[in-house]
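Topology and contacts: notes
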Amino acid sequence: MIGLIAATAAGAAARDRVAAAWPDRTRVYGGPVADAVRAAFAECDRLVCFLATGAVVRLVAPLLAGKSSDPGVVCVDEAGRFAVSLLGGHGGGANDLAREVGEVLGAEPVVTTATDAVGLPGLDTLGLPVEGDVAAVSRALLDGEAVALRAEVAWPLPALPVAAEGAYTVRVTDRIVEPADGEAVLRPPTLVVGVGASKGAPVEEVLALVEDALREAGLSRASVAELATVDAKSGEPGLVEAARRLGVPLVTYPAGELARVAVPNPSDAPLAAVGTPSVAEAAALVGGGELVVPKRKSAGSPAMATCAVVRRPGRGRLAVVGLGPGARDLLTSRARDELRRASVLVGLDQYVDQIRDLLRPGTRVLESGLGAEEERARTAVAEARRGQAVALIGSGDAGVYAMASPALAEASDDIDVVGVPGVTAALAAGALLGAPLGHDHVSISLSDLHTPWEVIERRVRAAAEADLVVTFYNPRSRGRDWQLPKALAVLAGHRTPATPVGVVRNASRADESVRLTTLAALDPATVDMMTVVTVGNTATRQIAGRMVTPRGYRWQEETR
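My aim in this report is to walk through the structure given alongside it, one point at a time.

What counts, and at which threshold
- Residues numbered from 1 in each chain as written.
- Predicted model: local features only at pLDDT ≥ 70, side-chain atom pairs only at ≥ 80, totals over all residues.
- Heavy atoms only, no water.
- Pairing = 2+ DSSP bridges.
- Helix = DSSP H or I, 4+ residues; strand = E, 2+ residues; numbered from the N terminus.
- Axes fitted to C-alpha atoms, helices over the stretch in contact; angles between N-to-C directions.
- Contact = heavy atoms within 4.5 Å.
- Expected span 1.5 Å × (residues − 1).
- Buried < 20%, exposed > 50% of the residue type's maximum accessible area, 1.4 Å probe, protein only.
- Arc of directions from axis to C-beta.
- Salt bridge = Lys/Arg side-chain N within 4 Å of Asp/Glu carboxyl O.
- Core = buried A, V, L, I, M, F, W, Y, C linked by side-chain atoms within 4.5 Å.
- Right-handed = clockwise from strand over helix to strand, strands pointing away.
- Parallel < 35°, antiparallel > 145°, perpendicular 65-115°, else oblique.
- Left-handed = near helix turned anticlockwise from the far one by under 90°.
- Nonpolar A, V, L, I, M, F, W, Y, C, P; charged D, E, K, R; others polar.
- Polar contact = N/O pair within 3.5 Å; in protein donor to acceptor, adjacent residues only side chain to side chain.

The six strands lie next to each other as β2-β1-β3-β4-β5-β6, forming an open sheet whose pairing is mixed. Two strands bound the open sheet, and with one partner strand each, they are β2 (26-29) and β6 (108-110). Across this sheet, the average inter-strand angle for adjacent strands is 25°, counted without regard to direction. Summarising the sheet, strand β1 (residues 2-6) and β2 pair through four bridges and their orientation is parallel. Looking at β2, one finds that Ile 2 is bridged to Thr 26. Set on the sheet, helix α1 (residues 9-21) makes contact with β1, β2 and β3 (46-50); between it and β1 the angle comes to about 160°. In the packing of helix α2 (residues 33-43) onto the sheet, the strands contacted are β1, β2, β3, β4 (72-76) and β5 (82-87), and the crossing angle to β1 comes to about 170°.

To continue, consider helix α4 (residues 94-105). A rise of 1.5 Å per residue sets the reference length of α4, with its twelve residues, at 16 Å; its end C-alpha atoms lie 16 Å apart and thus fit the reference within 8%. All of the buried residues along α4 are Ala 94, Asn 95, Leu 97, Ala 98, Val 101, Gly 102 and Leu 105. Each buried residue of α4 sits inside an arc of 160° when the element is viewed along its axis, so together they form one side. With its phi angle positive at about 70°, Gly 106 sits one or two positions after the end of α4.

Now for the pattern of salt bridges. By the definition in use, this model includes 32 salt bridges. In this structure, Arg 99 and Asp 96 form a salt bridge, with 3.2 Å as the shortest nitrogen-oxygen distance. Of this pair, Arg 99 and Asp 96 both sit in helix α4, separated by three residues, roughly a single helical turn. We classify Asp 96 as partly exposed; its relative accessible area is 47%.

The next thing to look at is the environment of Arg 99. Exposure remark for Arg 99: the relative accessible area of 33% places this residue in the partly exposed category. Arg 99 sits 25 residues away from Val 74 along the chain, and the two C-alpha atoms are 9.9 Å apart.

At the junction of Ser 301 and Pro 302, the peptide bond is cis and its omega measures out at 5° in the coordinates. With respect to the secondary-structure elements, Pro 302 resides in the loop between β14 (290-297) and β15 (305-311). One non-glycine residue, Tyr 401, adopts positive backbone phi at about 50°. Here Tyr 401 lies in the loop between β19 (389-394) and α15 (404-410). A positive phi angle is found at Asn 474, which is not glycine, with a value near 45°. As for its position among the elements, Asn 474 is in the loop between β23 (469-473) and α18 (483-492).

Bringing the nonpolar core into the picture now. Counting 24 residues, the largest nonpolar core has Val 193, Val 195, Leu 214, Leu 227 and Val 309 as the members making the most contacts within it. Looking at this core, the elements that each hand over two or more residues are β11 (191-197), α7 (203-216), β12 (224-230), α8 (237-246) and β15. If you look at the next biggest cluster of nonpolar residues, it comprises 21 residues, including Leu 446, Trp 453, Ile 456 and Val 535.

For β1, the tally of buried residues reaches five of five residues, placing the bulk of the element in the interior. Going residue by residue along β1, you find Ile 2, Leu 4 and Ala 6 tucked away on one face and Gly 3 and Ile 5 tucked away on the opposite face as well. Following the chain from β1 across α1 to the adjacent parallel β2, one finds a crossover that is right-handed.

Bringing the packing of α7 against α8 into the picture now. Look at α7 against α8: their axes get within 8 Å of each other, and the N-to-C directions meet at 55°. The orientation of α7 relative to α8 falls into the category oblique. In the crossing of α7 with α8, the sense of the turn from one axis to the other is right-handed. Two secondary-structure elements touch here, α7 through Val 203, Glu 204, Val 206, Leu 207 and Val 210 and α8 through Gly 238, Leu 239, Glu 241, Ala 242, Arg 245 and Leu 246. Each residue belonging to the contact of α7 with α8 can be placed in one class, and the counts come to seven nonpolar, one polar and three charged.

Turning our eyes to something else, we now look at the pairing of strand β18 (residues 364-368). Examined bridge by bridge, strand β17 (residues 344-348) and β18 share five bridges and lie parallel to one another. What sits directly across from Gly 347, in β18, is Glu 367. The handedness of the β17 to β18 crossover, carried by helix α13 (residues 349-355), is right-handed.

This next bit is on the side chain of Glu 383. Along the chain, Glu 383 turns up in helix α14 (residues 373-385). On the basis of relative accessibility, which here comes to 7%, the residue Glu 383 falls in the buried class. Within the local environment of Glu 383, its side chain forms a polar contact with the side chain of Arg 386, the two groups lying 2.9 Å apart. Every residue in contact with Glu 383, bar those within four places of it in the chain, is listed here: Val 344, Arg 364, Leu 366, Gln 388 and Val 390.

Okay, here's the thing in structure tokens:
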């Protein structure tokens with residue numbers, strides 16, 4: 001919960017805007033300001049104070065307990081110009097909250113934590129438990145000192161400027177280790193603990209079994225991702241409470257699904273009780289992985305619980321990112337986040353140049369020239385299969401004539417794939433032209449490099465007969481100068497010479513050009529591969545210098 005505190009009418013106005021934007025996430029604290037801050041500090045995960053920073057410093061100073069427990073505090077000036085991350089930037093979530101508040105109020109987020117200032121991910125912001133000499137390693141990263149990465153298990157981390165060897169180390173492991181001086185240890189959630197239990201099994205017996213199994217195997221409790229069991233035990237109090245105390249979900253599977261999992265230690269007892277010869281081992285293995293602790297029983301007499309531990313390999317992550325038509329302000333915030341999250345970037349060289357400044361230090365860039373789309377897709381998928389966090393970039397929307405289709409054709413279910421939408425060339429051009437896509441429309445690429453011309457022509461003819469607005473991608477190049485005239489001729493058989501046509505080159509970029517012409521007047525020689533051509537339907541009109549396709553045909557009938 002986010003506590004909101006204001007002292008003046010101006011502050012309350014900004015406070016109420018945030019409260020209205022996030023009704024389920026916020027709680028407004030009224031009354032004397034000191035009392036409100038004290039109550040919110042005790043009850044909320046984060047605070048937004050619409051007060052001067054000096055006042056907030058004095059109010060929260062007596063309440064501070066420690067970096068790991070204090071809530072994040074954001075300060076907003078009464079004019080709503082700045083959202084300052086004051087306390088708990090990383091651990092308390094104040095940095096992210098300052099950015100979110102800034103979006104709601106139109107305020108400038110002010111983040112002063114060192115790693116954020118230079119574009120490095122804080123080790124305590126990666127979503128993984130971290131221990132050891134975190135401050136010293138972070139300082140070494142900031143100072144450009146050699147920091148080695150020792151990944152004992154693969155995990156898709158964001159880019160870190162690491163070296164093969166160094167006096168400082170970032171260690172990624174799920175084993176119990178004592179961090180050395182100058183070493184920070186990250187704990188990825190690689191371990192699945194399968195559990196079986198008799199009815200009424202005490203939570204203390206379940207927890208003791210799990211913790212003993214982990215400790216004897218040299219595995220860290222902090223790397224446990226979930227407890228897993230059979231559906232019939234989903235409400236067993238001892239298992240539910242054990243998962244709660246471990247801070248992980250209790251995941252359950254149908255008995256029939258567990259019965260199909262090959263296990264080394266099947267038993268007749270669970271088969272008779274719940275319909276599967278294995279609960280603990282099968283539930284841990286159902287998602288694949290290495291059985292590192294075979295089934296073992298609890299120490300009770302009689303034993304009322306069993307457990308097994310599986311190490312699942314870290315899954316690589318592939319984000320297929322649409323960069324939009326080129327303008328930085330049309331790059332979505334989600335795309336920016338994915339670029340910063342990636343440790344490997346794969347893309348066309350000219351697209352890489354557009355966003356190189358957004359990449360974190362240490363990002364490995366794999367770029368290539370035109371015509372290597374399938375090679376880039378294979379490279380991106382291969383890097384993800386190595387456990388990397390990969391961003392594969394393309395212009396516009398990654399799923400529209402771009403990299404998503406070859407990448408997903410190459411990928412299988414052994415990696416996580418995330419699609420990040422972008423503003424397409426058709427949409428960017430349409431916004432510049434007016435509203436040409438106001439009714440049904442279709443996009444057709446005129447490039448016959450991958451599609452036979454006979455297929456393209458059949459699609460153009462179908463669009464003409466269906467009276468659809470048509471946006472042509474890849475309309476004309478030096479080696480393909482006849483396709484556009486032929487496509488326009490097909491449309492001319494179904495539309496009048498006065499049909500509006502929009503021609504947009506380099507939409508949203510510094511040298512963009514926009515022309516509105518007609519089907520009869522369009523000169524194909526003025527069109528190139530950087531151009532999008534939008535041909536209206538029989539209802540499309542020029543109105544006040546804009547291209548408009550009405551949403552219905554009644555308007556067309558009324559003007560006849």
